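Summary of the model geometry
The residues making up each chain are set out below.
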Amino acid sequence: MNYYYDCLLNWNEQEAYEFYEWNDYDYLELIKKIPLVKVKHKVLLDFIQNSVKVDKEFLEMIKDKTLVSDKKNFKRIEYASLFTDTKNVIALEFNEEGLSISRSNLLIDDDLNILEVIYGIKETTFNYEIIKKIEMNQTLRQEKEAKKLILLEINNLCQNKEIDKLKYLYYEYKKENINDIDYIYEQIKSDLERKIDQDILKLYHIIKLSYHKV
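These notes cover the structure that comes with them. What you see is a predicted model; the values in this text were computed from it and never measured.

A separate point is the overall build of the chain. For the chain, the helix and strand inventory stands at 7 helices and 10 strands. The dimensions of the chain, computed from C-alpha atoms along their principal axes, are 70 × 40 × 30 Å. Counting all 214 residues of the chain, 41% fall into the buried class. Split by element, the accessible area of the chain, about 13,100 Å² in all, is 49% carbon and sulfur. Looking at the chain, you have 33 positive and 40 negative side-chain charges, and the mean spots of the two groups are 2 Å apart.

Here it is, written out as structure tokens:
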């Protein structure tokens with residue numbers, strides 16, 4: 001069994017976030033030791049794009065082999081492993097039935113380190129089945145969160161009849177003095193349906209700052 005040491009993982013039940021989408025509030029695990037398995041390119045694609053179920057023999061091979069640093073203590077993840085085809089890497093965690101239950105990408109330095117050492121390692125073969133396709137989101141995580149916050153804010157302002165604040169936000173956003181609240185609401189909502197731009201990002205930051213006043 002081959003291992004990789006000292007890496008950060010950001011587990012997610014569905015799509016694995018790219019390292020540049022990790023947020024400060026994400027719960028990152030410091031992995032001290034984790035199995036490293038080399039597979040064929042098709043296998044890795046299947047693991048990246050789908051929820052999968054691996055066989056019992058593979059589960060036994062990786063059982064209790066992943067060590068996590070938890071402050072001053074160490075704990076084990078029962079079934080987890082890194083998989084690579086020499087071009088890409090993904091971490092998967094499985095339940096006791098072999099179903100993948102969470103996944104993570106790695107930081108770029110760890111990706112590169114693994115791709116450097118993996119060439120001398122033999123491929124591991126094992127049986128697995130594809131359960132269902134993972135919906136890959138083409139929108140960046142931060143973009144989705146920004147739009148969600150803006151929509152939540154304008155909904156709350158309308159419901160609570162905070163007209164002055166809504167007009168203020170719209171002025172900062174569009175540099176227009178508009179008194180028609182319905183127009184403001186529909187205009188912002190319509191803008192959120194298009195690709196995010198600097199104006200929408202500005203509105204997002206203004207809303208965030210409004211909740212962090214000293």
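Another point: the nonpolar core. Residues I150, I188 and L203 are the most contacted members of the largest nonpolar core, which totals 19 residues. Apart from the residues within four sequence positions on either side, L203 is in contact with I150, L169, Y173 and I188. In this structure, I31, I77, L106 and I118 belong to the second largest nonpolar core, which totals 18 residues.

On to a nonpolar patch on the surface. Together, F19, Y20, I108 and L112 make up a nonpolar patch on the protein surface, roughly 380 Å² of accessible area in all. Positionally, I108 belongs in helix α3 (residues 108-117).

Structurally, D46 is set in helix α1 (residues 41-49). Among the polar contacts made by the side chain of D46, one reaches the side chain of K42 at a distance of 2.9 Å. In this structure D46 touches V52, Y128 and I130, once residues within four positions along its chain are discounted.

Another point: the packing of helix α5 (residues 163-174) against helix α6 (residues 181-191). Relative to each other, α5 and α6 sit at 50°, their axes nearing to 10 Å. As the angle between them shows, α5 and α6 are arranged oblique. Along this stretch, α5 crosses α6, giving a crossing that reads as left-handed. When α5 is examined against α6, the residues I163, L166, K167, Y170, Y173 and K174 are found in contact with a partner set consisting of I181, Y183, I184, Q187, I188 and D191. Residues of the contact of α5 with α6, tallied by class, amount to 8 nonpolar, 1 polar and 3 charged.

Rules and cut-offs
- Residues numbered from 1 in each chain as written.
- Predicted model: local features only at pLDDT ≥ 70, side-chain atom pairs only at ≥ 80, totals over all residues.
- Heavy atoms only, no water.
- Helix = DSSP H or I, 4+ residues; strand = E, 2+ residues; numbered from the N terminus.
- Buried < 20%, exposed > 50% of the residue type's maximum accessible area, 1.4 Å probe, protein only.
- Areas by Shrake-Rupley, 256 points an atom, 1.4 Å probe, with all protein chains shown as cover.
- Lys, Arg positive; Asp, Glu negative; His and termini not counted.
- Charge placed at Lys NZ, Arg CZ, Asp CG, Glu CD.
- Core = buried A, V, L, I, M, F, W, Y, C linked by side-chain atoms within 4.5 Å.
- Contact = heavy atoms within 4.5 Å.
- Patch = residues over 30% accessible without salt bridge, like charges linked within 9 Å, V, L, I, M, F, W, Y side chains within 5 Å.
- Salt bridge = Lys/Arg side-chain N within 4 Å of Asp/Glu carboxyl O.
- Polar contact = N/O pair within 3.5 Å; in protein donor to acceptor, adjacent residues only side chain to side chain.
- Axes fitted to C-alpha atoms, helices over the stretch in contact; angles between N-to-C directions.
- Parallel < 35°, antiparallel > 145°, perpendicular 65-115°, else oblique.
- Left-handed = near helix turned anticlockwise from the far one by under 90°.
- Nonpolar A, V, L, I, M, F, W, Y, C, P; charged D, E, K, R; others polar.

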